[in-house]
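Reading the structure
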Amino acid sequence: HIVELLTFIADDLETTQTQSEQVQKSQGLGSPDGEFTRSAAEIHAALRLSDGFNIDQMASEYRALRASVVKQWTTANPALSTTDLDDMTRFNEAVDQAMAESVAEYTKMINHSRDMFLGVLGHDLRNPIGAVLMAARRMTKDGAADSKQNVMAGRIAQTMERATSILDDLLE
């Protein structure tokens, strides 16, 4: 999505920006117009996650993008004017905004995946733990054939109760 990201940045450089818009961008809030479409940065994050990139690798792409553009910019314009410095500041802010959007989307997707995994894990573990706990309690209640088996059934029940507690804590 380099073309889309650079297009976003170029468009941003071409638009006027108020002080409050600059502050919003520095916080990764983007445009305040309430638009609900996914940005190129958010799509980029989703693709990077699905391709197995970690968040550090994704962020390093933005650092490389920034370094490449600034290097070409300063090579083409050895004597930077005040306007160039203002544009470079805006460029850096736009890159920061795109990176903030990517990191936020990446984190949101990771959190969603983790929550789904924990939900499935919790559901899939509760059934066998419950079955073992019920059987152990039944053996203890009915009184096993010998005291050794009764003690073992009690230990199994205690262990399954601890496992249930650990699972509850994990899911909370």
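Residues numbered from 1 in each chain as written. Predicted model: local features only at pLDDT ≥ 70, side-chain atom pairs only at ≥ 80, totals over all residues. Heavy atoms only, no water.

1. Concerning the overall build of the protein chain
For the protein chain, the helix and strand inventory stands at six helices and zero strands. Listing the helices and strands of the protein chain from first to last along the sequence gives α-α-α-α-α-α. For a compact globule of 172 residues, the expected C-alpha radius of gyration is about 16 Å, and the protein chain comes in at 28 Å, more than 25% above that figure. Counting only C-alpha atoms, the protein chain reaches 95 × 30 × 20 Å along its principal axes. Relative to its 172 residues, the protein chain shows a buried fraction of 24%. Look at the contacts in the protein chain between residues 6 or more apart in sequence, and 71% of them connect residues 24 or more apart. Roughly 11,400 Å² of accessible area belongs to the protein chain as shown, and the carbon and sulfur atoms make up 58% of that amount. On the protein chain, the mean spot of the 16 positive side-chain charges and the mean spot of the 26 negative ones are 15 Å from each other. (Helix = DSSP H or I, 4+ residues; strand = E, 2+ residues; numbered from the N terminus. Rg over C-alpha atoms; globule rule 2.2 N^0.38 Å. Buried < 20%, exposed > 50% of the residue type's maximum accessible area, 1.4 Å probe, protein only. Contact = heavy atoms within 4.5 Å. Areas by Shrake-Rupley, 256 points an atom, 1.4 Å probe, with all protein chains shown as cover. Lys, Arg positive; Asp, Glu negative; His and termini not counted. Charge placed at Lys NZ, Arg CZ, Asp CG, Glu CD.)

2. Re helix H5 (residues 82–142)
Turn by turn, an α-helix covers 3.6 residues, leaving residues three or four places apart pointing in a common direction. Compared with an ideal rise of 1.5 Å per residue, which puts 61 residues at 90 Å, H5 spans 88 Å between its outermost C-alpha atoms and is within 8% of the ideal. Looking one or two residues beyond H5, the residue adopting positive phi is Gly143, at roughly 75°. (Expected span 1.5 Å × (residues − 1).)

3. Focus on the side chain of Glu105
Structurally, the position occupied by Glu105 is in helix H5. Overall, Glu105 belongs to the buried group, its relative accessible area being 8%. Apart from the residues lying within four places of it in its own chain, the contact partners of Glu105 are Arg38, Glu42 and Ala45.

4. Considerations on the packing of aromatic side chains
Going through the model one piece at a time under the given rule, you end up with one aromatic pair. Judged by centre distance (6.0 Å) and plane angle (75°), the ring pair of Trp73 and Phe91 falls under edge-to-face. Of this pair, Trp73 sits in helix H4 (residues 55–76) while Phe91 sits in helix H5, and the two are 18 residues apart along the sequence. With respect to class, Trp73 is no different from Phe91; both count as buried. Arg48 extends its terminal NZ or CZ atom over the ring of Phe53, reaching a point 4.4 Å from the ring centre. (Phe/Tyr/Trp six-rings, centres within 6.5 Å; stacked < 30°, edge-to-face > 60°. Lys NZ or Arg CZ within 6 Å of the ring centre and 35° of its normal.)

5. Thoughts on the environment of Leu167
Within the secondary structure, Leu167 is located in helix H6 (residues 147–171). Separated by 38 residues in sequence, Leu167 and Ile129 have C-alpha atoms that sit 10.0 Å apart. With residues up to four places along the chain from it excluded, the contact list for Leu167 reads Gly122, Leu125, Arg126 and Ile129.

6. Observations concerning the confidence of the model for the protein chain
Residue-level pLDDT values for the protein chain average 86, and 92% of them are 70 or greater. Considering each helix and strand of the protein chain separately, the mean pLDDT is smallest for helix H2 (residues 19–26), with a value of 76, and largest for H4, with 92. (pLDDT = per-residue confidence, 0-100.)

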